[in-house]
Amino acid sequence: QAQLVASGGGLVQAGGSLRLSCAASGRDFNNYYMGWFRQAPGKEREFVAAISGDDSRTYYAEFVKGRFTISRDNAKNTVYLQMNSLNPEDTGVYYCAAGRQSDYSIRDARSYINWGQGTQVTVSS
């Protein structure tokens, strides 16, 4: 299975922006849909965004629509999450994940078979 390495997290003030990256090793990157999830302290991991393998479809959690944009570069085996207008509620560890078609929704963590190590995002007020 491919290894996923997430990067780009950090500390930012409310209203600021960050761009997360997730680099995948291995082959057939375009055969996987890619997702971003996040986990805030004391909370369960939640879906943030996902993108199909061919870059034709994107999916977002309601709370990030209009602020976050997911994209991918299959030539570089990398998926991105551009995060704008950040607020303190966006604080958490952000994980990228790779999945293939399954019985679970693309918004469901159970549909993903490979996970990155996470990158910390902290938004100060």
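Every residue gets a number counted from 1 within its own chain, in the order that chain's sequence is written. Restriction of local features to residues with pLDDT of at least 70 applies here, the model being predicted, together with a cutoff of 80 or more for giving and counting side-chain atom pairs; totals for whole chains, interfaces and linings are based on all residues. Side-chain measures here rest on the full set of heavy atoms in the structure, leaving out hydrogens and waters.

(A) Region of interest: the overall build of the protein. The secondary structure content of the protein amounts to 0 helices and 11 strands. The secondary structure listing takes helices from DSSP runs of H or I that are at least 4 residues long and strands from runs of E that are at least 2 residues long, numbered from the N terminus. What you see in the protein, going N to C, is helices and strands ordered as β-β-β-β-β-β-β-β-β-β-β. Both definitions apply: the radius of gyration is a C-alpha atom measure, and the globule rule equals 2.2 Å times residues to the power 0.38. Over its C-alpha trace the protein gives a radius of gyration of 13 Å, about what one expects of a compact globule, namely 14 Å for 125 residues. Dimensions of the protein, computed from the C-alpha atoms along their principal axes, are close to 40 × 30 × 25 Å. Type-normalised accessible area, obtained with a 1.4 Å probe on protein chains alone, sets the label of each residue: buried when under 20%, exposed when over 50%, and partly exposed for intermediate values. When burial is assessed residue by residue, the protein has 45% of its 125 residues classed as buried. Throughout, a contact is declared for two residues whenever any of their heavy atoms are within 4.5 Å. Taking contacts inside the protein between residues at least 6 apart in sequence as the whole, the part at least 24 apart equals 58%. All accessibility values rest on the Shrake-Rupley procedure with a 1.4 Å probe; residue burial counts only the protein chains present in the view. As displayed, the protein offers around 6,600 Å² of accessible surface, 44% of which is attributable to carbon and sulfur atoms. For the protein, the separation between the mean place of its 13 positive charges and that of its 11 negative charges on side chains is 3 Å. Positive residues here are Lys and Arg, negative ones are Asp and Glu, while His and the chain termini are left out of the count. To locate a charge, the coordinates of NZ of Lys, CZ of Arg, CG of Asp or CD of Glu are taken.

(B) Representation of the nonpolar core within the structure. Definition of nonpolar core: a set of buried residues of the types Ala, Val, Leu, Ile, Met, Phe, Trp, Tyr and Cys, connected through side-chain atoms within 4.5 Å. Ranked by internal contacts, the top residues of the largest apolar core, which has 35 residues, are Met34, Trp36, Leu81, Met83 and Tyr94. Apart from residues no more than four positions distant in its own chain, Met34 is found in contact with Leu4, Cys22, Phe29, Ala49, Ala50, Ile51, Ile70, Arg72, Val79, Ala97, Ala98 and Tyr112.

(C) View of empty space enclosed by the protein. Detection works on a 1 Å grid of protein atoms alone, calling trapped sets that fit a 1.4 Å probe cavities and calling open sets with protein on both sides within 12 Å along at least five of seven lines pockets, with lining residues defined by an atom within 4 Å of a point. Grid points are joined across faces, edges and corners, and a volume is the space filled by probe spheres set on the points. Summed over all chains, the structure comprises 1 cavity of 30 Å³ or more. What the largest cavity holds in volume is close to 80 Å³. Ala2, Ser25, Tyr32, Ala98 and Asn114 are the residues nearest the centre of the largest cavity, which is lined by 13 residues in total. Ten residue types, Ala, Val, Leu, Ile, Met, Phe, Trp, Tyr, Cys and Pro, are classed as nonpolar, four, Asp, Glu, Lys and Arg, as charged, and the remainder, Gly among them, as polar. Of the residues assigned to the lining of the largest cavity, the class counts are 8 nonpolar, 4 polar and 1 charged.

(D) Focus on the pattern of salt bridges. Counted as salt bridges are all cases of a side-chain nitrogen of Lys or Arg within 4 Å of a carboxyl oxygen of Asp or Glu. Within the structure shown, the criterion is met by 5 salt bridges. Put simply, Arg38 and Asp90 hold a salt bridge, and the shortest N to O gap is 2.8 Å. Taken as a pair, Arg38 in strand 4 (residues 33-39) and Asp90 in the loop between strand 8 (78-83) and strand 9 (92-99) lie far apart in primary sequence, 52 residues in all. Note on Arg38: relative accessible area 5%, which makes it buried. Of the residues examined, Asp90 reaches a relative accessible area of 1% and is grouped as buried. Connected through shared salt-bridge partners, Arg38, Glu46, Arg67 and Asp90 make up one network.

(E) Region of interest: the packing of aromatic side chains. Here the aromatic set is Phe, Tyr and Trp, taking the six-membered ring for Trp, and pairing holds for ring centres within 6.5 Å; pairs whose planes are under 30 degrees apart are stacked, those over 60 apart are edge-to-face, and all others are tilted. This structure, assessed with the given rule, holds 5 aromatic pairs. Both rings, one in Phe37 and one in Tyr112, keep their centres 5.1 Å apart while their planes meet at 80 degrees; by these two values the pair is edge-to-face. In this pair, Phe37 sits in strand 4 while Tyr112 sits in strand 10 (residues 112-115), placing the two residues 75 residues apart along the sequence. The exposure class assigned to Tyr112 is buried, which follows from its relative accessible area of 6%. Pairwise contacts between aromatic rings join Tyr33, Phe37, Phe47, Tyr112 and Trp115 into one cluster. Counted as over-ring charges are cases with an Arg CZ or a Lys NZ within 6 Å of the ring centre that also lie within 35 degrees of the ring normal. The positively charged end of Arg45 is found above the aromatic ring belonging to Tyr95, 3.9 Å away from the centroid. The ring of Phe29 is capped by Arg72, whose NZ or CZ atom sits 4.4 Å from the centre of that ring.

Interpretation note: all reported values are geometric properties and have no functional meaning in isolation.
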